[in-house]
Amino acid sequence: MSQATATPAIPAASPHGKAVTLQFADNTLLPMLLGDHDRHMVRIEQALGVRLSCRGNRVAITGEPSRVDVAQATLEALWRRLERGESVGRPDVEAAMKLADADTDPRLPLSDVPAIRTRRGAVGPRSPGQATYIEALASHEMVFGVGPAGTGKTYLAVAQAVAMLQAGKVDRIVLSRPAVEAGERLGFLPGDMKEKVDPYLRPLYDALHDMMPAEQVVRRLTNGEIEVAPLAFMRGRTLAHAYAILDEAQNTTAVQMKMWLTRMGEGTRMVVTGDLTQVDLPTGIRSGLRDALDTLEGVPGIAVVRLGTRDVVRHPLVARIVDAYDQRAAAVGDKRREADRARDVNQPGMRPASNDGPIPK
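Residues numbered from 1 in each chain as written. Predicted model: local features only at pLDDT ≥ 70, side-chain atom pairs only at ≥ 80, totals over all residues. Heavy atoms only, no water.

A. View of a nonpolar patch on the surface. On the surface, a cluster of nonpolar side chains totalling about 310 Å² of accessible area is made up of L317, I321 and Y325. Along the chain, Y325 turns up in helix α11 (residues 316-346). According to the relative accessible area criterion, Y325 is exposed, its value standing at 52%. (Patch = residues over 30% accessible without salt bridge, like charges linked within 9 Å, V, L, I, M, F, W, Y side chains within 5 Å. Areas by Shrake-Rupley, 256 points an atom, 1.4 Å probe, with all protein chains shown as cover. Salt bridge = Lys/Arg side-chain N within 4 Å of Asp/Glu carboxyl O. Helix = DSSP H or I, 4+ residues; strand = E, 2+ residues; numbered from the N terminus. Buried < 20%, exposed > 50% of the residue type's maximum accessible area, 1.4 Å probe, protein only.)

Structure, rendered in structure tokens:
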């Protein structure tokens with residue numbers, strides 16, 4: 001089997017620098033590691049601030065010691081993918097760098113990252129947060145996955161559901177989400193009930209088609225092994241021996257969320273995913289996801305995994321967009337608190353009450 005080994009190299013020019021040389025035994029895999037026109041090597045240099053140079057079957061890494069260690073772990077992880085017969089693309093390079101970065105999650109050994117194995121191949125984490133999420137999906141009967149868009153909350157949950165269905169650990173998959181428009185009114189929709197609600201459920205269908213061949217998805221949908229339905233159809237049911245996923249849970253009310261959570265029957269796994277920054281409920285209605293987190297976090301048997309912008313695996317701009325909105329929201333909150341403090345200083349004998357206005361102390 002091919003193998004990558006690290007050997008000492010000429011010290012870097014900087015007194016605080018480090019140099020390592022990796023030697024790869026299989027020259028046929030090396031071009032795939034480096035990428036077309038060395039694009040993978042260039043990306044690692046840009047992201048980590050190190051210098052890579054390739055000569056024959058050796059890759060030399062020089063730079064600041066901690067960054068050299070991350071680059072080395074990244075290349076070794078990508079090499080293991082190639083040895084397993086898997087491809088290496090730009091997303092895999094980005095994921096390997098995130099997972100190798102000890103500053104991100106020092107407890108996670110890169111060699112022990114979990115994976116979800118379906119018949120279409122293994123679905124692995126692309127960030128430390130995703131690794132924690134996958135571990136929770138494997139070890140808990142109820143999991144809340146909370147985080148911004150693009151962090152893989154729904155995709156990884158569907159992957160785990162498909163893996164358990166194909167392994168015979170559950171009898172069916174139930175996928176649901178509330179039928180709430182994203183800040184707009186679509187009005188009358190033509191067609192029967194299925195045609196009316198399918199647009200709201202399309203992201204769940206997309207994830208299924210990534211995990212299984214199209215004809216298998218159709219067959220399992222037809223025979224009831226996979227059910228995709230809006231949340232409103234769940235009342236009065238008991239979901240036994242199923243893998244049940246509620247997506248876009250931030251758009252449930254507290255009553256709807258309690259209804260969903262109490263559908264859980266014998267042998268069922270349940271996952272709830274959502275993004276509390278994208279609530280589309282009418283003003284004044286509290287999100288059922290927030291209510292559930294406030295009520296259930298810390299209850300034995302329930303895992304809550306919070307993903308952040310570091311875990312975004314879509315286009316890099318998505319993480320920056322999420323950060324920008326979070327920073328603006330934080331700034332608005334700071335201004336509001338400052339205004340409240342100024343009002344309290346100007347009216348020291350008054351305190352805010354409910355809808356009846358201030359009441360003297």
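B. Representation of the pattern of salt bridges in the model. What the rule picks out here adds up to 15 salt bridges. Here R90 and E94 are joined by a salt bridge, their closest N and O atoms 2.7 Å apart. Of the two residues, R90 and E94 are both situated in helix α4 (residues 90-100); the distance of 4 residues between them amounts to about one turn of the helix. Its salt-bridge partner being D206, residue R202 comes within 3.9 Å of it at the nearest N-O pair.

C. Up close: the packing of aromatic side chains. Here the structure, examined in full by the defined rule, presents 1 aromatic pair. Here F24 and W79 contribute two aromatic rings whose centre-to-centre distance is 4.5 Å and whose plane-to-plane angle is 50°, an arrangement assigned as tilted. With F24 in strand β2 (residues 18-24) and W79 in helix α3 (residues 65-83), this residue pair connects regions lying 55 residues apart in the sequence. You'll find F24 and W79 in the same group, each marked buried. (Phe/Tyr/Trp six-rings, centres within 6.5 Å; stacked < 30°, edge-to-face > 60°.)

D. Inspection of the side chain of D311 at higher detail. Topologically, D311 is positioned in the loop between β12 (302-306) and α11. Within the structure, the side chain of D311 is placed 3.1 Å from the backbone nitrogen of G129, a separation counted as a polar contact. Once you skip the residues sitting within four places of it in the chain, D311 turns out to touch K98, S127, P128, G129, Q130, G150 and T151. (Polar contact = N/O pair within 3.5 Å; in protein donor to acceptor, adjacent residues only side chain to side chain. Contact = heavy atoms within 4.5 Å.)

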